[in-house]
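# Notes for the structure review
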Amino acid sequence: MKTPRPGNRRAAARVLLLMLATLSSPWVVAQSTVCIDTDALNWNWQHPTPHGQETNELQWVPERGEFVGMGDAVITTVDGLSWSIGHRFAPSMALDYVWNDTEFMVVTRDASRYNGSIERSTDLLNWTTRTSTDTVLSAIAWNGLRYVVVGEHTTGGNMLTSTDGVTWTRIDSGTTNFLSDIVFADGQFVAVGISGTVLTSVDGLSWTPQTSNTSKELRTVVWNGSQYVAGGPFDDELVYSADGIAWASVEIPVRPGTLSSIGSSVYLMGRSKIDTTEINVSDDLFTWSKTVTPGLVQAVSTNGTVKIEAGLSGQQALGIDGFNLQLSEDVLADQALSKLVTLDG
């Protein structure tokens, strides 16, 4: 959710992430699901002992040589087989993070879901809360020089920015709408939100509203190497732009859902039944290939070699095929994973 390395948490992809739920509501956290493969085609599933820890972000961190997931707690793995559980954010929850080659910058929310904080660590062991707000924070991006955090404030779309991760300043986003996601790609930040909101900025300070050609919610935005693609989880419409300024909309002939990307391919993952997800993949947004998997798929990404698929149902998977899933042995003390991303090494 791509692709230049700084700030682009959906970096060029091949690790699939599943957010799986076995309860009646997709918003209820169960346990986690993880799948691993080498070519995104054949997968084997595994069922770890559940412990109910939700994880909202998982990235490959090349400087550490491991995947790092965050949510209720920090989880790490080198190969997707053996996992370690570290620092716990609970009762707060880590929603998103970036890695700047030397430290982690993490967006969290408290138990009320209305108060956000920004926390940092260089070693995943020692943590410092750098700022705490009375507003909702949802996502963070980094361009190599500046961090930008988006969310919601009482006066409108919330934006915080910092060059050092220590001193944060609230800036005018130019919108009264909630901002749900942000990406840095192709030399600029692109932020999206409700009512078709799209904002762009080269420096992260001066923001320009763009006409998105939709009034629908834009929950996620990705970059697939040639264009930005944004959409919501419930609408049969996507918007896309090569430059972030001129946007066009396209009606999708497949089930709507969450966006992510793998290289030039855009993944659209929508819940088809209570325990299955329809995954549609396209390089042009017009022609789609479909498969159906168990659980609720949330995002896709890769570290270039190992691919991991993870989610909420207390399962894991290993394999070589991301479409034909096979059950396998228990190997993970699981976390509930809702996003999976990588950083290019």
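Read on for a plain summary of the structure. (Residues numbered from 1 in each chain as written. Predicted model: local features only at pLDDT ≥ 70, side-chain atom pairs only at ≥ 80, totals over all residues. Heavy atoms only, no water.)

Take the packing of aromatic side chains next. Counted under the stated rule, the structure contains 10 aromatic pairs. Arranged with centres 6.0 Å apart and planes meeting at 25°, the rings of tryptophan 142 and tyrosine 147 form a pair that is stacked. Residue class for tryptophan 142 comes out buried when judged on its relative accessible area of 10%. Overall, tyrosine 147 belongs to the buried group, its relative accessible area being 2%. Between tyrosine 147 and tryptophan 168 the ring centres are 5.9 Å apart and the planes differ by 40°, which places this aromatic pair in the tilted class. You can see tyrosine 147 sitting in strand E13 (residues 147-153) and its partner tryptophan 168 sitting in the loop between strand E14 (156-162) and strand E15 (169-170), a full 21 residues away along the chain. (Phe/Tyr/Trp six-rings, centres within 6.5 Å; stacked < 30°, edge-to-face > 60°. Buried < 20%, exposed > 50% of the residue type's maximum accessible area, 1.4 Å probe, protein only. Helix = DSSP H or I, 4+ residues; strand = E, 2+ residues; numbered from the N terminus.)

A word on the nonpolar core. By size, the foremost hydrophobic cluster in this structure holds 13 residues, and its most contacted members are Val150, Met159, Ile182, Phe189, Ala191 and Trp207. Put simply, the parts of the chain that give this core at least two residues each are strand E12 (136-142), E13, strand E16 (179-185) and strand E17 (188-193). (Core = buried A, V, L, I, M, F, W, Y, C linked by side-chain atoms within 4.5 Å.)

A few words on unusual backbone geometry. If you check the backbone angles, leucine 124 has positive phi at about 70° while not being a glycine. Relative to the helices and strands, leucine 124 is located in the loop between strand E10 (116-121) and strand E11 (128-132). For leucine 285, which is not glycine, the phi torsion reads 75° and is therefore positive. Inspection of the secondary structure assignment puts leucine 285 in the loop between strand E26 (276-282) and strand E27 (289-294). On the accessibility criterion, leucine 285 (1% relative accessible area) is buried.

Within the structure shown, the criterion is met by 6 salt bridges. Measuring nitrogen to oxygen at the nearest pair gives 2.5 Å for the salt bridge that ties arginine 120 to glutamate 103. Linking arginine 120 in strand E10 with glutamate 103 in the loop between strand E8 (93-99) and strand E9 (104-109), this pair joins segments that are 17 residues apart in sequence. For arginine 120, a relative accessible area of 12% gives the class buried. What makes glutamate 103 buried here is its relative accessible area of 9%. A salt bridge links lysine 216 to aspartate 236; the shortest N-O distance between them is 3.9 Å. (Salt bridge = Lys/Arg side-chain N within 4 Å of Asp/Glu carboxyl O.)

Strand order in this open sheet of 4 strands is E16-E17-E18-E19, and the pairing throughout is antiparallel. Unpaired on one side and paired on the other, E16 and strand E19 (208-210) mark the two borders of the sheet. Neighbour-to-neighbour, the strand axes of the sheet open up by a mean angle of 25°, direction not taken into account. (Pairing = 2+ DSSP bridges. Axes fitted to C-alpha atoms, helices over the stretch in contact; angles between N-to-C directions.)

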